[in-house]
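Next come the chains, spelled out residue by residue.
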Amino acid sequence: MVWSPPMAAAATVISGHRDGRQCNHCGAIFRTLSATFSLLAFSLIVVYAGATVEDDVMCLRGIQASLSDPDRRLSRWRLDNTSSSSTAAAPFICDLYGVSCWNEKENRLISLSLPSISLSGKLPESLKYCRSLQTLDLSGNSLSGSIPPQICSWLPYLVTLDLSNNRLSGSIPAQIGDCKFLNTLLLSRNRLTGPIPPELGQLDRLKRLSLAANRLAGPIPAKLVANFTAADFDGNGGLCGPPLGLKCGGLGRKGLGIVVTAGVIGAAASLILGFVIWWWCFVRAAHVSKACDLEVESWVEKLRGFRLVQVTLFHKPVVKIKLADLLAATASFGAESVLISNRTGVLYKAELGEDSASMVLGVKRLAVCKLSEKQFRSEMYRLGQLQHPNLVPLLGFCVAEDEKLLVYKHMANGTLHSHLHPGGERKRISSLDWVGRVRIGLGAARGLAWLHHVCDPPYIHQNISSNAILLDEKFDARITDHGLVKLIGSGDSTNSSFVNGKFGELGHVAPEYSSTMVASLKGDVYSFGVVLLELVTGQNPIDLTRADDGFRGNLVDWISKLSAKNRVQDAVDERLTGGAEKMMQVMKIACSCVAQRPKDRPSMHNVYTSLASVAEELEFYEEYRDFPSILQEEDAAV
């Protein structure tokens, strides 16, 4: 399925408990203005390519100048309007033949579709100015020359590339493997030569591929064999491999010479590589380790200069805590105290005191924060008011120049990830049975639904994963890191935001984020759906251990493949016993959450109620019946 920017949808609103001191109750009234706000937010994402409408004009001018146009379709483009006003130029550009923009009020190109209009010439370098382009269709023309190796750096967000039925020659550039969001690649009926680059097999999102009717030769890469048919490779006399029923082999003298030469070169390269690996692992590693130690010592030394600064706590503490106490309780933020490290920062275990009255806290060193100290303090007080049994309570904070520390209640049983995946850093054998997993899923769903539907305005988490769900001493689920993503980073929407993990952990990121570059409630739903799949399957979202050999893809891709073969029951964690029908119910809920289109996903409230019906049959629903808005007293006290 090809991605497209989702239409903003009004958030589902549910009833809950009013708490004037914290989140305002949403009531039963649909927020009719939310769609308008979503549209306004969506219109701002065009800055992600760091370019303006003038870039699109330069791109179109280059195409118009480079290609022969006997049908005079491009000649009708009027690009003389050089107004510097983006708003004035936008409708002018978007009305041109073959050009589509994000929407009628948008000022950036999303699609250039010029099929079968007798164009000739080479693919123009001016395409590099159309960085926001997702679809490029130049099929059915008479284009010649080679496919530029830089095409993916020119068009980093390309989802569909159709250059079929032209006169393109040369090899398929291996750099096409850098088009990470490519969903459709059609290069059939050209004059392409050489092998199929194995890098095409690294395109995990590739759903349509056609290389038929070219002059390609060599084996079909193994990673393409499983997902595509003979029709996608037909008409290439030199290709071989399973889809075509042609066995690869029988080297001639020339081929044998190539193999011998490659062997000699390979042996030499192996020696060089061995030396490099030795240097990297031993010599450089020692330098890196020393550099990292120096970096830690640097910021810890800075904190020591503020050791008398008092930690701000939201509730009257039994004892006052100073920064010096946190330094002592974490062994000066030593590596042995680290509990979790993710993009929002590093969480340390802080053990204050040595007697029976000692207490354990979680202290998070926040990653680079974009807010001023005044803004940060204001945001901390706001987050401190978010109190719910399925959220990790924020107890206080401390500021020392640009170092910002957050103090949480300690969760005794660590992350859900460490229990589901015993091969992780904790190397635990999972003690979670089926009922325990449903309890955790229901609790996490209740916490996230509360953030989405009871808080006003709603909180988009942007980082939901099994690493963001902690377990307390009773193994109840507690969501952490809520409200933190907006505090970190530079606050801009650069074209690297998606790649650098701004929208979540690998394997949990909603597919539409690659094109919209804006977080949404339905994006959180997708991420939570992946967590539900983890609970049912016990599989790591990006490191599958039970998929067929040669399978490339994440957990969602694997479930989709099994579902297409009516074998989804094969994905259930083998460590689980009993309740097969309930497992399939939860699997169905998870699959609805990870639907490709955001509008096809349920709201978090609907996810919660669906899981609650499963819990009711397992006879532990009563304690999860509503969305309490106040924490128990023991959660708020220090």
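Cut-off values and rules
- Residues numbered from 1 in each chain as written.
- Predicted model: local features only at pLDDT ≥ 70, side-chain atom pairs only at ≥ 80, totals over all residues.
- Heavy atoms only, no water.
- UniProt positions renumbered as here; feature names shortened; annotations may be inferred.
- Helix = DSSP H or I, 4+ residues; strand = E, 2+ residues; numbered from the N terminus.
- Buried < 20%, exposed > 50% of the residue type's maximum accessible area, 1.4 Å probe, protein only.
- Contact = heavy atoms within 4.5 Å.
- Areas by Shrake-Rupley, 256 points an atom, 1.4 Å probe, with all protein chains shown as cover.
- Axes fitted to C-alpha atoms, helices over the stretch in contact; angles between N-to-C directions.
- Parallel < 35°, antiparallel > 145°, perpendicular 65-115°, else oblique.
- Core = buried A, V, L, I, M, F, W, Y, C linked by side-chain atoms within 4.5 Å.
- Domains from an automatic or database assignment.
- Pairing = 2+ DSSP bridges.
- Salt bridge = Lys/Arg side-chain N within 4 Å of Asp/Glu carboxyl O.
- Disulfide = S-S within 2.5 Å.

The name an unreviewed UniProt entry gives the protein is Protein kinase domain-containing protein, with Kalanchoe fedtschenkoi as the organism. Recorded under Subcellular location (unreviewed entry), the UniProt text for the protein is reproduced unchanged: "Membrane".

Caption draft 1: Layout of the overall build of the protein. Scanning the protein for helices and strands turns up 16 helices and 20 strands. Buried positions account for 49% of the 638 residues belonging to the protein. For the protein, the proportion of contacts with a sequence separation of at least 24, taken over those separated by at least 6, is 61%. With the model as given, the accessible surface of the protein reaches about 29,900 Å², and the carbon-plus-sulfur share is 54%.

Caption draft 2: Examining the packing of helix H10 (residues 434-453) against helix H12 (residues 521-537) more closely. Between H10 and H12, whose axes approach to 10 Å, the crossing angle comes to 175°. When the axis of H10 is compared with that of H12, the two are roughly antiparallel. Mapping the contact onto sequence places Trp434, Arg437, Gly441, Ala444, Ala445, Leu448 and His452 in H10 and Leu521, Asp524, Phe528, Leu532, Glu534, Leu535 and Val536 in H12.

Caption draft 3: Quick peek at the nonpolar core. Ranked by size, the top nonpolar core spans 81 residues in total, and within it Phe376, Met380, Leu487, Phe528, Leu532, Val607 and Leu611 carry the most contacts. The dominant element in this core, judged by the number of residues it contributes, is H10, at 10 residues. For this core, the domains that each give at least three residues are domain 3 (299-410) and domain 4 (413-637). Not counting residues up to four positions away in its chain, the partners in contact with Leu611 are Gly441, Leu442, Ala445, Phe528, Leu532, Val586 and Ile589. One finds Cys94, Leu200, Leu216 and Phe233 within the second-largest nonpolar core, a separate group that totals 55 residues.

Caption draft 4: Up close: the sheet that holds strand E12 (residues 238-240). Pairing is parallel in the open sheet, where 4 strands are placed in the order E7-E9-E11-E12. Two strands close off the open sheet at either side, each with one partner strand: strand E7 (169-171) and E12. If you compare each strand with its neighbour and ignore which way they point, the axes differ by 30° on average. Bridge count between strand E11 (residues 215-219) and E12: 3 bridges; the pairing is parallel. In the strand pairing of E12, Pro219 is matched with Cys240.

Caption draft 5: Representation of the sheet that holds strand E13 (residues 312-313). Sheet architecture is open: 6 strands sit in the order E13-E17-E18-E16-E15-E14, paired in antiparallel fashion. Looking at strand neighbours, the two that pair on one side only are E13 and strand E14 (338-342), the edges of this open sheet. Across 2 bridges, E13 lies against strand E17 (residues 394-400) in antiparallel orientation. The partner of Thr312 across the bridge, within E17, is Phe397.

Caption draft 6: Local environment of the pattern of salt bridges. By the definition in use, this model includes 16 salt bridges. Among the ionic pairs, Asp600 bridges to Arg597, the shortest N-O distance being 2.8 Å.

Caption draft 7: A look at the pairing of E11. Bridge count between strand E9 (residues 191-194) and E11: 2 bridges; the pairing is parallel. Directly across from Gly194, in E11, lies its bridge partner Leu216.

Caption draft 8: Representation of the state of the cysteines within the structure. Counted by the stated rule, this structure contains 4 disulfides. Here Cys94 engages in a disulfide with Cys101; their sulfurs sit 1.9 Å apart. Here the S-S torsion is close to -95°, and the disulfide linking Cys94 with Cys101 is therefore left-handed. For the pair shown, Cys94 and Cys101 are each scored as buried. Covalent S-S linkage joins Cys152 and Cys179, the inter-sulfur distance amounting to 1.8 Å. One disulfide, between Cys152 and Cys179, carries an S-S torsion of -105° and so falls in the left-handed class.

Caption draft 9: Quick look at the pairing of strand E2 (residues 109-113). E2 sits mainly inside the fold: 4 of its 5 residues count as buried. In the sheet, strand E1 (residues 99-101) pairs with E2 via 3 bridges, with the strands oriented antiparallel. Looking at E2, one finds that Val99 is bridged to Leu112. Judged from the 3 bridges that link them, E2 and strand E4 (residues 135-137) form a sheet pairing that is parallel. The partner of Ser113 across the bridge, within E4, is Asp137.

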